[in-house]
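Commentary on secondary and tertiary structure
Single-letter residue listing:
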Amino acid sequence: GAMVLLDLESIKSMAPGKFFRDHTGPINSLDFHHTEDVMVTVGDDDAIHLYGTNTGEKIKTYYSKKYGCACVTFTHAAQAVLYASKVKTPSADHKRDNALRYHNLHDNTYLRYFMGHTAQVVSVSMSAKTDQFLSAAKDRSVRLWDLRTNNCNGIIKCKATPSVAHDLQGIIFAAATDDGEVKLYDARSYEKGPFATFHLEAGAGGGPKPR
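Structural notes, computed from the coordinates. (Residues numbered from 1 in each chain as written. Predicted model: local features only at pLDDT ≥ 70, side-chain atom pairs only at ≥ 80, totals over all residues. Heavy atoms only, no water.)

Turning to the overall build of the protein, a few remarks are in order. Along the backbone of the protein there are two helices and 17 strands. By the compact-globule yardstick of 17 Å for 211 residues, the protein fits well, its C-alpha radius of gyration being 18 Å. For the protein, the spread of C-alpha atoms along the principal axes amounts to about 50 × 45 × 30 Å. Nonlocal contacts in the protein, meaning residues at least 24 apart in sequence, comprise 32% of its contacts between residues at least 6 apart. Here the protein has roughly 12000 Å² of accessible surface; of this, 54% comes from carbon and sulfur atoms. (Helix = DSSP H or I, 4+ residues; strand = E, 2+ residues; numbered from the N terminus. Rg over C-alpha atoms; globule rule 2.2 N^0.38 Å. Contact = heavy atoms within 4.5 Å. Areas by Shrake-Rupley, 256 points an atom, 1.4 Å probe, with all protein chains shown as cover.)

The strands that make up a sheet are held in pairs by hydrogen bonds between backbone atoms, and each pair lies either parallel or antiparallel. In spatial order, the strands read β1-β2-β3-β4; together these four strands make up an open sheet with antiparallel pairing. Looking at the sheet topology across the chains shown, the edges are occupied by β1 (27–32) and β4 (57–63). Strand-to-strand, the axes of this sheet are offset by a mean angle of 20 degrees, without reference to chain direction. With five bridges joining them, strand β2 (residues 38–43) and strand β3 (residues 47–52) adopt antiparallel strand pairing. Following the sheet pairing, valine 38 is matched in β3 by glycine 52. (Pairing = 2+ DSSP bridges. Axes fitted to C-alpha atoms, helices over the stretch in contact; angles between N-to-C directions.)

Right, let's get into the environment of valine 164. Relative to the helices and strands, valine 164 is located in strand β13 (residues 162–166). Between the C-alpha atom of valine 164 and that of valine 124, which follows or precedes it by 40 residues, the distance is 6.7 Å. The contacts of valine 164, once residues within four sequence positions are left out, are Ser123, Ser125, Leu134, Ser135, Ala136, Val142, Ala174 and Ala175.

This paragraph deals with a nonpolar patch on the surface. On the surface, Leu6, Ile11 and Met14 cluster together into a nonpolar patch covering about 310 Å² of accessible area. Assessed through its relative accessible area of 45%, isoleucine 11 is described here as partly exposed. (Patch = residues over 30% accessible without salt bridge, like charges linked within 9 Å, V, L, I, M, F, W, Y side chains within 5 Å. Salt bridge = Lys/Arg side-chain N within 4 Å of Asp/Glu carboxyl O. Buried < 20%, exposed > 50% of the residue type's maximum accessible area, 1.4 Å probe, protein only.)

Here we come to the nonpolar core. Among the nonpolar cores identified, the biggest contains 15 residues, and Leu82, Leu100, Phe114, Phe133 and Leu147 are the most heavily contacted of them. Elements represented by at least two residues in this core include exactly β5 (70–74), β6 (80–84), β7 (100–104), β9 (121–126) and β10 (132–137). For leucine 100, the contacting residues outside a window of four places in its chain are Tyr83, Ala84, Arg112, Tyr113, Phe114, His117, Val121, Val124, Phe133, Ser135 and Trp145. Val42, Phe74, Val81 and Tyr83 belong to the second-largest nonpolar core, a separate cluster that totals 13 residues. (Core = buried A, V, L, I, M, F, W, Y, C linked by side-chain atoms within 4.5 Å.)

Before going further, it helps to spend a moment on the sheet that holds strand β8 (residues 109–114). Sheet architecture is open: four strands sit in the order β5-β6-β7-β8, paired in antiparallel fashion. This sheet does not close on itself; its edge strands, each paired only once, are β5 and β8. Between one strand axis and the next, the sheet turns through 20 degrees on average, direction left out of account. Here β7 pairs with β8 via five bridges, running antiparallel.

Set out below in structure tokens:
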């Protein structure tokens, strides 16, 4: 179909086409698959809902009752997702409490657990090109993983709680901390440190200043 230019007026003219009220508590994250017509949501009610975006219908519901769920993201498969734990009653095993879970939705099984973070995971980013993904947590660290192994491939220590994101080519990733610092890394040689650092000043004009 023809491309539509989105401006302020066209956005104002839009209206919701469908409401989903399946969660019984706050929805804490959602993700769209990059090629298939599916969306996944997870909430503080420990529920995982899979929706068909072309039909506007719920496909199936899953649960992560024991460890909760947050920061959901699709892997390359439309029937497999990654998400962080979100426990309501922490145990003495902080790494297990804050593990990432690789969940096969097709047969409702866990394919792998990724343990290493010692505090709540707040951000997960899947590479668009490889099986690698990133996680960031309140333990002030970014961890690099591969879906094919439980072992952590690398750790980046931060001064504050970070968030992470990959670029669409899978070459660069960013780690941003809540003190306004953004660091860019080459995914192929992240151990060399960031190749660019920006500091975003709240309320300041003129854009970010590189360091």
